[in-house]
Amino acid sequence: EAEVAQSPRYKITEKSQAVAFWCDPISGHATLYWYRQILGQGPELLVQFQDESVVDDSQLPKDRFSAERLKGVDSTLKIQPAELGDSAMYLCASSLGPSEGYTFGSGTRLTVV
Amino acid sequence: RKEVEQDPGPFNVPEGATVAFNCTYSNSASQSFFWYRQDCRKEPKLLMSVYSSGNEDGRFTAQLNRASQYISLLIRDSKLSDSATYLCVVSPYGGSQGNLIFGKGTKLSVKP
């Protein structure tokens, strides 16, 4: 079964440091999403890509977060500087199109200390 | 009002029980509806899509009531392995955006 690959699985970083997460979607999936899930909450969208273009980044804290998908395949999400409140699971998902269900990667669990 | 609301539970039920979860959504223009399952510290996984006509997959039945803007999930003959958090998910897709809006989830614990 095709998978969405994410790395690293776990990341511990000190506040004010920079951190980056990587995602490789299922081959052929044009739509890629980054979600953040705080413990006890549902996932919340950070950014949506259609191919290499950002479709929705309205919930992305742009003062510290950035995301790119330069060639329309894999994607990187960066936080600089990290804050304690950024501790969460960062989930990448992809789909064939906007109206299809997603496949999630296993996520990156970030702890900011 | 939150876009997708669910009773967080937990629902503690014995094996073999039937359990039902409801979820309400605020955007009447929502187009697609799903139930996802999430095990502890794992990623969400699609359980089933929800169609206007209702749909069934083995022990699981999902229904959509557009007039009342709610979605339900029924699990019959609960198994220990059904213990998880069930996320109600709505897509406001009606144009180019397809992001999914997740509820906070309902926790189910099936006991022997």
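Check the entry above for the structure.
Description of the structure in this document.

**What about the sheet that holds strand β8 (residues 75–79) of chain A?**
Residues and elements named next belong to chain A. Taken in spatial order, the 4 strands line up as β1-β3-β8-β7 in an open sheet, and their pairing is antiparallel. Each edge of the open sheet carries a strand with a single partner, namely β1 (5–7) and β7 (65–68). Along the sheet, successive strands turn relative to each other by an average axial angle of 15°, direction set aside. Inspection of the sheet shows strand β3 (residues 19–24) paired to β8 by 5 bridges, in the antiparallel sense.

**Considerations on the sheet that holds strand β3 (residues 19–25) of chain B**
Residues and elements named next belong to chain B. Read across the open sheet, the 5 strands follow the order β1-β3-β8-β7-β6; overall the sheet is antiparallel. The open sheet has two edge strands, β1 (4–6) and β6 (55–57), and neither has a second partner. Across this sheet, the average inter-strand angle for adjacent strands is 20°, counted without regard to direction. With 6 bridges connecting them, strand β7 (residues 60–65) and strand β8 (residues 70–75) associate as antiparallel partners. When the bridges of β8 are listed, Q63 appears paired with S72.

**Here's the deal with unusual backbone geometry**
For the peptide bond that leads from S7 of chain A to P8 of chain A, omega is -5°, which places it in the cis range. Its place among the elements puts P8 of chain A in the loop between β1 and β2 (10–13). With omega at 10°, the peptide bond leading from G9 of chain B into P10 of chain B counts as cis. Looking at the secondary structure, you find P10 of chain B in the loop between β1 and β2 (11–14). Backbone geometry at S16 of chain A places phi at a positive 80°, although glycine is not the residue there. The topology assignment puts S16 of chain A in the loop between β2 and β3.

**Examining the packing of aromatic side chains**
The tally for this structure, following the rule as stated, stands at 14 aromatic pairs over all chains. Geometrically, the ring pair formed by F104 of chain A and Y36 of chain B is edge-to-face, given 6.0 Å between the ring centres and 85° between the ring planes. Separated into two different chains, F104 of chain A in strand β10 (residues 103–104) and Y36 of chain B in strand β4 (residues 32–38) make up a pair that spans both. A network of ring pairs unites the aromatic residues Y33, Y35, Y102 and F104 of chain A together with F34, Y36 and F102 of chain B as a single cluster.

So, how was this worked out
Residues numbered from 1 in each chain as written. Chains lettered and ligands numbered in written order. Predicted model: local features only at pLDDT ≥ 70, side-chain atom pairs only at ≥ 80, totals over all residues. Heavy atoms only, no water. Pairing = 2+ DSSP bridges. Helix = DSSP H or I, 4+ residues; strand = E, 2+ residues; numbered from the N terminus. Axes fitted to C-alpha atoms, helices over the stretch in contact; angles between N-to-C directions. Phe/Tyr/Trp six-rings, centres within 6.5 Å; stacked < 30°, edge-to-face > 60°.

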